[in-house]
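# Remarks on the overall topology
Each chain, letter by letter, is given below.
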Amino acid sequence: MEGAKEDRLSAEHWFTSRQRKGLWCLFAALVVLRLLMVYLVPFTDTTEARYAEIARKMVETNDWITPQFDYGVPFWGKPPLHTWLSAAGMKLFGVGHFGARIFIFLTGLGMMALLYPWVQAKKGRDYALGGLLVLASSALFFIAWATVMTDLVMIAGTSLSMIGFYSALTDPGKRRDGYLFFIGLAIGMLAKGPVAVVLTALPLVAWVGLQNRWLDLMKRLPWISGSLLAALICVPWYVAAELKTPGFLEYFFIGEHWHRFLDSGWKGDLYGNAHARMRGMIWLFWLLSFLPWSFVFVLPLVRGKRALRGVLREADGWTLYLLCWALSPMVFFTLATNILPTYVLSGIPAAAYLLIELWQRSRASERAVPSSTVIHAFALTAGSTTLVFASVFIALLMLGAGASKKSQKYLVERVASIREPDSGELFYWKKRYYSAEFYTAGRVRTIESGERLEDLLQNGTRDFLSVRQSKLKQLPEGFIEHFDYEGTFGKDDLYYEKRIPSQSKQVARFE
């Protein structure tokens, strides 16, 4: 009995006290670094700036039911949970990238705070710490952790569902955790829609089938009360959104959740272009998104049979649960044609802990502690990744405007610094920048025709004009001579209209 106890303890405690403190310091460094980026890195076009501008409009118009793509134009592409979080942050902390991101950041931190004790109770604190560090230092999760997008909020919901489902089915004393499963589904429906339910159900059905837990599935989840709870959380918004802007439900459920994924030539996207990819591309996206850890999977898998031995015979089904969870987004999107790298995110939390599990299982005995070589390699990988993230962040700060070719923040600041009493507004030639809209509180306009250009020269104010360098030749001949060049910001040149003589002058028409 005493020997068995020693084996159990040795399997749960891999790190020395000093090593453990060092790893927690690495995790804390990642948290601090990501928080600094929340505050200091500007919005870039197009995705994050677009969602941030939608949230800013929500604050400005005080319309918390229908997100707006443009003033008076509803945004039907996604549910509003992430927009609510960003808008609430800007209500509390002011309109800016910190306010828009802070609650997304806290959502990611909260998700990790749920994962850690769940895994610790099952596998021990060092196992939980190792997976936590892998998750926080994986490339795509680190980026999404505080980015104004739908994905991080959605995976917080799917992760909550996965935690609640496993606890309810494997621990008779935690049947009430089944309600977490339904709450997570409601969060997913408000963050992304039915795809969140599918990405949750797919691994669960596979796991229940392989484990033959159908009876547990029926008995240990509060199906009626839980479903009512989930409906109470998410259905009211869907009803209110359809009543306020009829047509939303048809576009959202049919267009966004059928044509987008199965029709590579879909022309119905109201807010951009479909992202046509080769079928199976999602697996390459996963390989890149889980860097540097995706290649580390090779280490335990070279022993193949040893790493995966007995997975189907595990009484608690732990490894199989992680495996189904980690693979589900790639399996689901393998045949999809319109995909983005962020679609792999729902499986990243499980992949982080699956990596730790495979490392442990690849040893000669399941009770064996990873060798010092493995521990040192793990710490070196995590530490090096943290340094890379920090180096990129420092470079962005030191280079300033020159480092960000995808944000209009610096151009907008230049306009504000040279604005005079007779200055007009900032206009863009044939290019819409959401970051410019955000940083000017929606006051910029995009010009598409020569007639609108003529108005700039006849409106009695000195306007600013931003022209993408590749579109400069599309301006009417001689038009730019009425402006002074003020500087280049990324791929855009900024011009300031010359002073207008006291007497109005004739200006050629630009067709």
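Report follows, based on the coordinates. Not measured: the values here are computed from a predicted model.

### Quick notes on helix α4 (residues 81–93)
- For α4, spanning 13 residues, the distance from its first C-alpha to its last is 18 Å, which sits close to the expected 18 Å at 1.5 Å a residue.
- The secondary structure elements touched by the buried residues of α4 are α3 (47–61), α5 (97–123), α8 (151–170), α9 (178–191) and α22 (434–439).

### Details of the pattern of salt bridges
- Evaluation of the coordinates by the stated rule reveals 19 salt bridges.
- Between Glu48 and Arg101 there is a salt bridge, with the nearest N and O atoms lying 2.8 Å from each other. Taken together, the positions of Glu48 in helix α3 and Arg101 in helix α5 put the pair 53 residues apart, joining distant regions of the chain.
- Given the relative accessible area of 4%, Arg101 is considered buried.

### Describing the environment of Ile155
- One can find Ile155 in helix α8.
- The buried category is assigned to Ile155, whose relative accessible area is 0%.
- The spacing of Ile155 and Ile348 is 193 residues in sequence and 9.1 Å in space, taken between C-alpha atoms.
- Setting aside residues up to four positions removed in sequence, Ile155 forms contacts with Met111, Phe141, Leu345 and Ser346.

### Examining a nonpolar patch on the surface
- Taken together, the side chains of Val198, Leu202, Trp283, Leu327, Val331 and Phe332 present a nonpolar region at the surface, about 460 Å² in accessible area.
- Every element with two or more residues in the nonpolar patch is listed here: α10 (194–211) and α18 (318–333).
- Here the nonpolar patch gets three residues from one element, more than from any other, and that element is α18.
- Residue placement: Val331 occurs in helix α18.

### As for the side chain of Ser435
- The topology assignment puts Ser435 in helix α22.
- Within the structure, the side chain of Ser435 is placed 2.5 Å from the side chain of Asp45, a separation counted as a polar contact.
- Leave out the neighbours within four places in its chain, and Ser435 touches Phe43, Asp45, Ala49, Lys406, Ser407 and Gln408.

### Things to note about the nonpolar core
- Counting residues in each nonpolar core, the largest one holds 107 residues, and the members touching the most others are Trp118, Phe141, Phe165, Trp207, Trp293 and Tyr321.
- Looking at this core, the element that brings in the most residues is α8, giving eleven residues.
- The residues touching Trp118, leaving out its near neighbours within four places in the chain, are Met162, Ile163, Tyr166, Ser167, Trp318, Tyr321 and Trp325.
- Counting residues in hydrophobic clusters, the runner-up holds 17 residues, among them Ala49, Met58, Phe75 and Val148.

### Here we look at helix α14 (residues 281–289)
- Among all positions in α14, only Ile282, Phe285, Trp286 and Ser289 are buried. The buried residues of α14 all sit within an arc of 100 degrees when viewed along its axis, so they share a single face.

### Details of unusual backbone geometry
- Following Asp45, the chain continues into Thr46 via a peptide bond in cis, with omega recorded as 5 degrees.
- Structurally, the position occupied by Thr46 is in the loop between α2 (17–40) and α3.
- Cis geometry is adopted by the peptide bond preceding Pro292, which originates at Leu291 and carries an omega value of 0 degrees.
- Topologically, Pro292 is positioned in the loop between α14 and α15 (293–296).
- Phi is positive for Asn62, which is not a glycine, with a value near 60 degrees.
- Examined against the element boundaries, Asn62 turns out to sit in the loop between α3 and β1 (68–70).
- The phi dihedral of Asn212 is positive, around 55 degrees, even though this residue is not glycine.
- Counting through the fold element by element, Asn212 comes out in the loop between α10 and α11 (214–219).

Criteria and cut-off values
Residues numbered from 1 in each chain as written. Predicted model: local features only at pLDDT ≥ 70, side-chain atom pairs only at ≥ 80, totals over all residues. Heavy atoms only, no water. Helix = DSSP H or I, 4+ residues; strand = E, 2+ residues; numbered from the N terminus. Expected span 1.5 Å × (residues − 1). Contact = heavy atoms within 4.5 Å. Salt bridge = Lys/Arg side-chain N within 4 Å of Asp/Glu carboxyl O. Buried < 20%, exposed > 50% of the residue type's maximum accessible area, 1.4 Å probe, protein only. Patch = residues over 30% accessible without salt bridge, like charges linked within 9 Å, V, L, I, M, F, W, Y side chains within 5 Å. Areas by Shrake-Rupley, 256 points an atom, 1.4 Å probe, with all protein chains shown as cover. Polar contact = N/O pair within 3.5 Å; in protein donor to acceptor, adjacent residues only side chain to side chain. Core = buried A, V, L, I, M, F, W, Y, C linked by side-chain atoms within 4.5 Å. Arc of directions from axis to C-beta.

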